[in-house]
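Topology and contacts: notes
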Amino acid sequence: MEKLLNKEVQDQLREVFNELKENVTMVLFTSENDCESCEATQGLLTEVAELSDKLSVKQYDLNSEEAKQYDITLAPSFVLLNAKGEYQGVKFNGIPAGHEINSFISALIEMSGAESEIPAEILERIQKIDKPVNIKVFVTLSCPHCPGAVQKAHKIAMLNKNVVGEMVEAQTFYDLSTKFNVSGVPKIIINDSLELVGNQPIERFLEQIESL
Amino acid sequence: MSLNFSFSGLNKAKVDTSILYDFVAIGGGPAAYNAALYAKRKGLKTLVVAKKPGGQLLNTSSVDNYLGFMELSGEELSEHFIKHIQSIDIKEVNDQVIENIQKVGDLFELTMENGDVLTTKTVLVATGSNPRKLGVKGEDAFANAGVAYCAICDAPLFKGKDVIIAGGGNSAVEAAIDVAKIAKHVTIVHRSQFRADQVLIDKMMIQANITIHLESQILEIYGDTKMRGIKALDKKTNEEFSIEADGIFIEIGNIPSSGLVKDLVELNTNQEIIVTHKQETSLPGLYAAGDVTNTPYKQIIVATAEGAKAALAANEYINTH
């Protein structure tokens, strides 16, 4: 199969992966039935993993026990695990190609333990979240404003074990997009009830979460 | 579904707030980047603060009128700009918003969203513009249930559906051409005659699934849980008509993002910053360039040129103050 990532992008990523501190595992879930982008997603993750010895991929079926463990209901989906093999609520549903390569790569870097700048007041508000929170960020791959929103959802998830942040590629998961009336991206759905539109500041995410 | 990977690098550059800058350009579009290029070449301590590197170019599917580049996407053009300024080590702060500008003595203090304060001798406001709203009933109610403002982002969500495009300028016609490739049918509705370039209109005319209503004023966007269609007035016959549709892209131009300096400099009634032929505003040391100014014709090349003028004028100002 022809490579998904061209030489230029590979070189850029190799350089960026110098920032990886610890190992990160990508756990991918695919399905043999009716999964248009499973093969491409598998290809992408494999190619990315080849660019750093700190990255690896595991693959399971959508109907596996592992899928239940990470609450996976769609394919392709993948989660990131930190060096200790812990799941910190960082999930991608659909292939993070196009502009979403940006949210994918920054999630890998942050999951590896690289430090990220976050104001103390915001950090405190994130750490105070004490109930289960699910943040879905619907995106299209041609949307330049979407990775920013995905990164915020993932950042909140990484900083609080009660939170799961998921990217949802709206075209691949058409039924889910229709269910949540997605006609503009990024659209952010919190606990399947509250919604935000656009790449909002992290404070807006927190206001919604705090109102739950 | 196009997979075209567009990796823009990690944003981890930390801004040095301890130094006095000569020139800070606020913006992530052609005006800010070209200004930074010119300022740096003059030897000025230069910084670019961009909310979103690339700015409106990122929402432009194709650019065919920037001299020297026959055909490329807005995003590709912005990548060229950014590569150019990075090649000469211009400092950038990305994904940051300047929340306040204050002139203290001869210097400007710029407060960023994260609370950091930058100090500089001169400032360029090149903050561009945001999509203009139609201002009709239903626009806000269906804001995320059919009504959209970014064709390049949201077109994939309307695969096989009926879509309306409001507007008659270049961005509306380009949106119609792009969306027609994905949607079942596109209807373009505009209150007067087309303002778009003839080459774009010609390109649109050969698409079989586009219908055109000129001299038609949109009155209302209606629906239930989501948008179902629009009501419009045919100004020639003075008759109302309805069009059923699943979505509407509003492409009726932009409003300048001048809020940051509205109490500092003179604006015209369109909220555009009034500039001189040297891009000076009414506040010495503060310059403006690109779509945020009162310069007519919002074009990439016009913004680029204004950025150059602003930097040269700022350099002159610094040398004489």
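These figures come from a predicted structure and were not determined experimentally.

So, about the overall build of chain B. Each helix and strand in chain B was counted, giving six helices and 17 strands. What you see for chain B is a C-alpha radius of gyration of 21 Å, in line with the 20 Å of a compact globule of 321 residues. A buried classification covers 47% of the 321 residues belonging to chain B. For chain B, restricting intrachain contacts to residue pairs at least 6 apart in sequence, the fraction spanning at least 24 positions comes to 61%.

To continue, consider the overall build of chain A. A count of helical and extended segments in chain A gives eight helices and eight strands. The C-alpha radius of gyration computed for chain A amounts to 16 Å, which stays within 12% of the reference 17 Å derived for 212 residues, consistent with globular compactness. Its C-alpha atoms give chain A principal-axis dimensions of roughly 50 × 35 × 35 Å. Buried positions account for 47% of the 212 residues belonging to chain A. Nonlocal contacts in chain A, meaning residues at least 24 apart in sequence, comprise 74% of its contacts between residues at least 6 apart.

What follows is about the interface of chain A and chain B. Think of interface size as the accessible area that goes away when the parts come together; that is how it is often given. Listed by partner, the interface residues are 35 residues for chain A and 26 residues for chain B. Taken together, the elements giving at least two residues each to the side of chain A that touches chain B come down to helix 1 (7-16) and helix 4 (101-111) of chain A. It is helix 4 of chain A that contributes the most residues to the side of chain A that touches chain B, five residues altogether. In the side of chain A that touches chain B, the residues fall into 19 nonpolar, 14 polar and two charged.

Attention now goes to helix 8 (residues 202-210) of chain A. All names here are of chain A. Of all the residues in helix 8, the buried ones are Phe205, Gln208 and Ile209. Along the axis of helix 8, the buried positions cluster into a sector of 100 degrees, meaning they face one direction only. Residues of helix 8 that are buried make contact with strand 5 (133-139), helix 6 (146-159), strand 7 (187-190) and strand 8 (194-197).

Take A:Ile105: it is sitting in helix 4. The spatial distance from the C-alpha of A:Ile105 to the C-alpha of A:His154 is 12 Å, given a sequence separation of 49 residues. Ignoring anything within four residues of it in the chain, the contact list for A:Ile105 reads A:Leu13, A:Val16 and B:Phe7.

What follows is about the domain arrangement of chain B. Annotation of chain B at the domain level lists domain 1 (20-131 + 254-319) and domain 2 (147-250). A C-alpha centroid distance of 32 Å is found between domain 1 of chain B and domain 2 of chain B.

Residues and elements named next belong to chain B. Relative orientation of the contacting elements helix 1 (residues 30-41) and helix 6 (residues 300-319) amounts to 35 degrees, with a least axis distance of 7 Å. Remark: the crossing between helix 1 and helix 6 carries right-handed chirality. Contacts between helix 1 and helix 6 involve Pro30, Ala31, Ala32, Tyr33, Asn34, Ala35, Tyr38 and Ala39 from the first element and Ile300, Ala303, Thr304, Glu306, Gly307, Ala308, Ala310, Ala311, Leu312, Ala314 and Asn315 from the second. Its residues assigned to classes, the contact of helix 1 with helix 6 shows 14 nonpolar, four polar and one charged.

All names here are of chain B. The strand order across the open sheet formed by five strands is 8-15-9-10-11, and the pairing between neighbours is parallel. Unpaired on one side and paired on the other, strand 8 (147-148) and strand 11 (210-213) mark the two borders of the sheet. Strand direction decides the pairing type here: strand 8 and strand 15 (residues 247-250), joined by two bridges, are parallel. Bridging from a neighbouring strand, Ala148 pairs with Phe249 of strand 15.

Turning our eyes to something else, we now look at the pairing of strand 2 (residues 55-61) of chain A. Across seven bridges, strand 1 (residues 24-30) of chain A lies against strand 2 of chain A in parallel orientation. Looking across to strand 2 of chain A, one finds that A:Phe29 is bridged to A:Tyr60.

Quick look at the sheet that holds strand 1 of chain A now. Residue and element names in this part refer to chain A. The strand order 2-1-3-4-6-5-7-8 describes an open sheet built from eight strands, whose pairing is mixed. Each edge of the open sheet carries a strand with a single partner, namely strand 2 and strand 8. Within this sheet the neighbouring strands show an average axis-to-axis angle of 20 degrees, counted without direction. Against the sheet, helix 6 engages strand 4 (87-93), strand 5, strand 6 (163-169) and strand 7, with an angle of about 155 degrees to strand 6. Where helix 8 meets the sheet, its contacts fall on strand 5, strand 7 and strand 8, and the angle it forms with strand 8 comes to roughly 165 degrees.

It is worth spelling out the nonpolar core at this point. Core analysis: the largest hydrophobic core is formed by 98 residues, its most contacted members being A:Val137, B:Ile165, B:Ala176, B:Val179 and B:Ile248. When residues no more than four places from it in sequence are discounted, the contact partners of B:Ile248 are B:Gly146, B:Val147, B:Ile164, B:Ala166, B:Ile221, B:Met227 and B:Ile230. By size, the runner-up hydrophobic cluster in this structure holds 52 residues, among which are B:Val49, B:Ile85, B:Leu267 and B:Ile273.

All names here are of chain B. You can see Leu44 is positioned in the loop between helix 1 and strand 2 (46-50). C-alpha separation for the pair Leu44 and Glu316, spaced 272 residues apart in sequence, amounts to 11 Å. Here Leu44 is in contact with Asp22, Phe23, Ala39 and Asn315, once residues within four sequence places are set aside.

The subject of this paragraph is the environment of B:Gly74. Residue and element names in this part refer to chain B. Looking at the secondary structure, you find Gly74 in helix 2 (residues 74-87). Residue classification places Gly74 among the buried positions, given that 22 C-beta atoms sit within 10 Å. Other than its neighbours up to four places away in sequence, Gly74 contacts Leu57, Leu58, Asn59, Thr60, Ser61 and Val63.

All names here are of chain A. You can read the domains of chain A as domain 1 (7-111) and domain 2 (120-210). If you average the C-alpha positions of domain 1 and of domain 2, the two centres end up 18 Å apart. Contact residues are listed per partner, giving 22 residues for domain 1 and 22 residues for domain 2. Of all the secondary-structure elements, those providing two or more residues to the side of domain 1 that touches domain 2 are strand 4 and helix 4.

Here the focus is the packing of helix 4 of chain A against helix 6 of chain A. Residues and elements named next belong to chain A. Packing of helix 4 against helix 6 brings their axes to within 9 Å, and their N-to-C directions diverge by 25 degrees. Of the possible angle classes, the one that applies to helix 4 and helix 6 is roughly parallel. The handedness of the crossing between helix 4 and helix 6 comes out as right-handed. Contacts between helix 4 and helix 6 involve Asn102, Ser103, Ser106, Ala107, Glu110 and Met111 on the former and, on the latter, Pro147, Val150, Gln151, His154, Lys155 and Met158. Here the residues of the contact of helix 4 with helix 6 are counted per class, giving five nonpolar, five polar and two charged.

What counts and how
Residues numbered from 1 in each chain as written. Chains lettered and ligands numbered in written order. Predicted model: local features only at pLDDT ≥ 70, side-chain atom pairs only at ≥ 80, totals over all residues. Helix = DSSP H or I, 4+ residues; strand = E, 2+ residues; numbered from the N terminus. Rg over C-alpha atoms; globule rule 2.2 N^0.38 Å. Buried ≥ 20, exposed ≤ 12 C-beta atoms within 10 Å, placed from the backbone. Contact = placed C-beta atoms within 7 Å. Nonpolar A, V, L, I, M, F, W, Y, C, P; charged D, E, K, R; others polar. Arc of directions from axis to C-beta. Domains from an automatic or database assignment. Axes fitted to C-alpha atoms, helices over the stretch in contact; angles between N-to-C directions. Left-handed = near helix turned anticlockwise from the far one by under 90°. Pairing = 2+ DSSP bridges. Core = buried A, V, L, I, M, F, W, Y, C linked by C-beta atoms within 7 Å. Parallel < 35°, antiparallel > 145°, perpendicular 65-115°, else oblique.

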